[in-house]
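A look at the structure
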Amino acid sequence: MSSGGDPGVIDQTTTSPHPAADDEPGWTASVRRRVEKTLPISELLPTKQPAYVSSWVYVFGVVTIAALFWVVLSGVVLAFFGAEWWHVSSIGHFFNSIHFWSVQMFFIFMVLHLWGQFWGAGWRDGRAKTWMVGVVIFAVSIGTAFTGYVVQLNFDSQWIAVNAKDAINSTGFGGLFNALNFGQMYGLHVMLFPIGVTLLVVLHIIQVRAKGVVRPIDDPLQMAP
Amino acid sequence: MDAPAPYIHLGFILISLPNFILICVMVLLFVLALVAPFPSHRPKEPHDE
């Protein structure tokens, strides 16, 4: 298999892409160079980790992702069959419970992951953006959970929505975000917020993989600021 | 299940018992994660880098 020869001729002996040369023009080559530099496949799917990663504290993040998987999967099923199904039928109750408890797991382990990163100062050595995206995920998740509570279509959701309406009105955002507007709450809960959380989680994982796991605070090989 | 949860009221702290128990469990889980030994898949080989 030859990859040399005339640079103007396409090498048909292989389908794998060639690394973009430094002088190759165009935004596609530029993006490819940037991706190859910031996140090579060996960093995206590593087979080895530093010794300090062998701690249960580093499991909290991936358990949060696992919980998110079940939240989204059960949410898709609930959205497909509707409120009467999830309130009345046995299998509907089951998926309703899966959705509720996987959300509990998502928040519990997200907060444990937050504690681990806070006391481990996970924003060090160029990881500030990773930390900030994590904060945004936390905030959007709270919005997602809140809109979920007010679209259960039961007395509990009505009670929460009526009280939240007063609270949100006191902030001046009641005209934009109306907890009593079921269509708005449902649309946000099943479409906008879940897509936001999922995309941000993907970005967060890419950021973590691009920079690697931060060294412990007392590591003698601490990088210079 | 339909009855309101009991509350703990200590000065300015007001928290439902289920929430208090959950936070205690989370703190316990966090401490356990720090001290519990993590299983290793493979022993260190002499020529392993």
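Being a predicted model, the structure only gives us computed values, none of them experimental.

Looking now at the overall build of chain B. Summing up its helical and strand segments, chain B has one helix and two strands in all. When the helices and strands of chain B are read in sequence order from the N terminus, they spell out β-β-α. Looking at chain B residue by residue over its 49 residues, the buried ones come to 0%.

A few words on the overall build of chain A. Each helix and strand in chain A was counted, giving eight helices and zero strands. Counted from the first residue to the last, chain A has its helices and strands arranged as α-α-α-α-α-α-α-α. Relative to its 225 residues, chain A shows a buried fraction of 19%. Of the contacts formed within chain A by residues at least 6 apart in sequence, a portion of 68% connects residues at least 24 apart.

This part takes up the domain arrangement of chain A. Residue and element names in this part refer to chain A. Entries for chain A in the domain assignment read domain 1 (54-120) and domain 2 (122-211). Spacing between the C-alpha centres of domain 1 and domain 2 amounts to 14 Å. Contacts between domain 1 and domain 2 engage 12 residues on the former and 12 residues on the latter. A total of five residues in the side of domain 1 that touches domain 2 trace back to one element, the largest contributor, which is helix H3 (residues 59-81).

Side chains of a nonpolar character, in soluble globular proteins, are inclined to be buried together. Residue and element names in this part refer to chain A. In this structure, Ile 137, Phe 146, Val 150, Val 151, Ala 161, Ala 164, Ala 179, Met 185, Leu 188, Phe 193 and Val 197 together form the largest nonpolar core, which totals 11 residues. In terms of residue count, helix H8 (residues 182-211) provides more of this core than any other element does, four residues in total. Beyond its immediate stretch of four places on either side in the chain, Val 151 contacts Ser 157, Phe 182, Met 185, Tyr 186 and His 189. Membership of the second largest hydrophobic core comes to 10 residues, among which are Val 57, Phe 60, Ala 67 and Val 103.

All names here are of chain A. At a closest axis distance of 8 Å, the pairing of H3 and helix H5 (residues 90-119) adopts a crossing angle of 155°. By the criterion of interaxial angle, the relationship of H3 to H5 is roughly antiparallel. Read as a crossing pair, H3 and H5 show a hand that is left-handed. For the contact of H3 with H5, a count of residues per class yields 17 nonpolar, 10 polar and no charged.

Now for the interface of chain A and chain B. Contact residues are listed per partner, giving eight residues for chain A and eight residues for chain B. For the side of chain A that touches chain B, the class distribution of residues is six nonpolar, two polar and no charged.

Turning our eyes to something else, we now look at helix H6 (residues 128-149) of chain A. Owing to its 3.6 residues per turn, the α-helix brings residues three or four apart onto one side. All names here are of chain A. With 22 residues, H6 ought to run about 32 Å at 1.5 Å a step, and its terminal C-alpha atoms sit 32 Å apart, in line with that. Every buried residue of H6 is listed here: Thr 130, Gly 134, Ile 137, Ser 141, Thr 144, Phe 146, Thr 147 and Gly 148. Taken together, the buried residues of H6 touch H5 and H8.

Glancing now at the pairing of strand E2 (residues 13-16) of chain B. If a strand is regular, its side chains alternate between the two faces of the sheet. Residue and element names in this part refer to chain B. Note: strand E1 (residues 7-10) against E2, four bridges, orientation antiparallel. Counted as the bridge partner of His 9 is Leu 14 from E2. Connecting E1 to the antiparallel partner E2 that follows it, the hairpin turn spans two residues, and Gly 11 within it adopts a positive phi of roughly 65°.

Residue and element names in this part refer to chain A. Its place among the elements puts Gly 134 in helix H6. Separated by 34 residues in sequence, Gly 134 and Phe 100 have C-alpha atoms that sit 22 Å apart. Gly 134 has contacts with Gln 117 and His 204, leaving out every residue within four places of it along the chain.

Below, the discussion takes up the environment of B:Cys24. All names here are of chain B. Its place among the elements puts Cys 24 in helix H1 (residues 17-35). On the neighbour-count criterion, Cys 24 (10 C-beta atoms within 10 Å) is exposed. Along the primary structure Cys 24 and Tyr 7 are separated by 17 residues, whereas in three dimensions their C-alpha atoms are 15 Å apart.

On to the environment of A:Leu176, then. Position of A:Leu176 relative to the elements: it lies in the loop between helix H7 (155-171) and H8. As for A:Leu176 and A:Ala164, which are separated by 12 residues in sequence, their C-alpha atoms are 13 Å apart.

A word on H8(A). Residue and element names in this part refer to chain A. In this model H8 runs 42 Å from its N-terminal to its C-terminal C-alpha over 30 residues, within 8% of the 44 Å that 1.5 Å per residue would give. Taking the largest bend as the criterion, H8 deviates by roughly 45°, centred on Leu 188. Where H8 is buried, its residues contact H3 and H6. After H8 finishes, the residue Gly 212 shows a positive phi value of roughly 80°.

Conventions we followed
- Residues numbered from 1 in each chain as written.
- Chains lettered and ligands numbered in written order.
- Predicted model: local features only at pLDDT ≥ 70, side-chain atom pairs only at ≥ 80, totals over all residues.
- Helix = DSSP H or I, 4+ residues; strand = E, 2+ residues; numbered from the N terminus.
- Buried ≥ 20, exposed ≤ 12 C-beta atoms within 10 Å, placed from the backbone.
- Contact = placed C-beta atoms within 7 Å.
- Domains from an automatic or database assignment.
- Core = buried A, V, L, I, M, F, W, Y, C linked by C-beta atoms within 7 Å.
- Axes fitted to C-alpha atoms, helices over the stretch in contact; angles between N-to-C directions.
- Parallel < 35°, antiparallel > 145°, perpendicular 65-115°, else oblique.
- Left-handed = near helix turned anticlockwise from the far one by under 90°.
- Nonpolar A, V, L, I, M, F, W, Y, C, P; charged D, E, K, R; others polar.
- Expected span 1.5 Å × (residues − 1).
- Pairing = 2+ DSSP bridges.
- Bend = angle between axes of the 7 residues up to and from the residue.

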